[in-house]
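# Architecture at a glance
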Amino acid sequence: MKPPPFAYECPTEVADAVALLAAHGADARPLAGGQSLVPLLNFRLARPAVLVDLNRITALGQIAVENGALRIGAMARQAAVEADPDVGRGWPLLTEAIGHIAHPQIRNRGTIGGSLAHNDPAAELPAVMLALDTEMTARGSKGTRTIQAQDFCAGTMETALAPDELLTEIRIPALPEGTGWGFREAARRQGDFALIAVAVLLRPSGAGGIDARVVVTGTGEGPVRMRGAEVVLTERGTEGDACEVAGNAAAEASEPADDPHAPAWYRQRLVAALTQRACRDAAMRLGR
């Protein structure tokens, strides 16, 4: 297995990378960690004429907390984000989810931005970003723009990024003190893509209430907010059988398809079970 021939560019500035993408259009592909793109090249499922290597653009590798928000450069390695103490304290849902991505060797090279821009429908990071109300910053030939997480994923391995745009940064707002979180995943083998993964976030709101986020991935073209399950948790809280009811609501709203890895009915049962477990985890942490 060898990749098709391509021209190679290795800019050191974001502006130069954007200029190369604009000049070559659909014939160019950016290279981040390479954990998804390189296999596609080797299988000749991707045939770019020009490869734009982003690994020498050091400005895209930062991890910082500014004004309470977490800012992560698109080239930040997944392992570095996973190990960052500020991320673990303020955004533990992200830390937990990254630990489910493949294996340590992959996370050492794989980047946050590369995973998001690749947008595999079973990937963990798009689901977590949707749960955390993340903002994506993209830079292209027409300037810089912000894309909300709910608008970023456009379909299977498709995003809202234009051909000449780079994802440069993600920004995650601060979570209220006492936010509960849970992340559960089922895969055929450790390190495989998820059959189903569920992220649950319970934010304390006024008068003792909660604002719920329930996001499921593995049922279609990308992560999906389960609005019915969120309504159950927002209205009923986490007492009694609320988590079970929310899990059943998520399963009823999911529309998985049969595939070689699992039948639809099995994925639907996983949605119910994993939502219930992630909800209980979040409820246990709520208010701490």
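Presented here is a report on the structure given in the accompanying data block. (Residues numbered from 1 in each chain as written. Predicted model: local features only at pLDDT ≥ 70, side-chain atom pairs only at ≥ 80, totals over all residues. Heavy atoms only, no water.)

A few words on the nonpolar core. Counting 38 residues, the largest nonpolar core has L93, L94, I112, L116, M129 and M136 as its most contacted members. Element by element, the count of residues in this core is highest for helix α8 (residues 124-131), at six residues. When near neighbours in sequence (up to four residues on either side) are disregarded, M129 contacts L94, I112, L116, T134, M136, A149, I170 and I172. (Core = buried A, V, L, I, M, F, W, Y, C linked by side-chain atoms within 4.5 Å. Buried < 20%, exposed > 50% of the residue type's maximum accessible area, 1.4 Å probe, protein only. Helix = DSSP H or I, 4+ residues; strand = E, 2+ residues; numbered from the N terminus. Contact = heavy atoms within 4.5 Å.)

Turning our attention to helix α11 (residues 242-253). Compared with an ideal rise of 1.5 Å per residue, which puts 12 residues at 16 Å, α11 spans 16 Å between its outermost C-alpha atoms and is within 8% of the ideal. Taken together, the buried positions of α11 are occupied by A242, C243, A246, G247, A250 and A251. Each element contacted by the buried residues of α11 is listed here: α10 (227-236) and α12 (264-285). (Expected span 1.5 Å × (residues − 1).)

Our next topic: the side chain of E185. You can see E185 is positioned in strand β11 (residues 180-186). For the buried residue E185, which engages in no salt bridge, the nearest side chain bearing the opposite charge is R107, 9.2 Å off. (Lys, Arg positive; Asp, Glu negative; His and termini not counted. Salt bridge = Lys/Arg side-chain N within 4 Å of Asp/Glu carboxyl O.)

The strand order β4-β5-β10-β6-β7 describes an open sheet built from five strands, whose pairing is antiparallel. Every interior strand has two partners, whereas the edge strands, β4 (63-66) and β7 (143-148), have only one. Averaged over all adjacent pairs, the angle separating strand axes in this sheet is 25°, with direction ignored. Here four bridges tie β4 to strand β5 (residues 69-73), and the two strands are oriented antiparallel to one another. Bridged to V65 within β5 is L70. (Pairing = 2+ DSSP bridges. Axes fitted to C-alpha atoms, helices over the stretch in contact; angles between N-to-C directions.)

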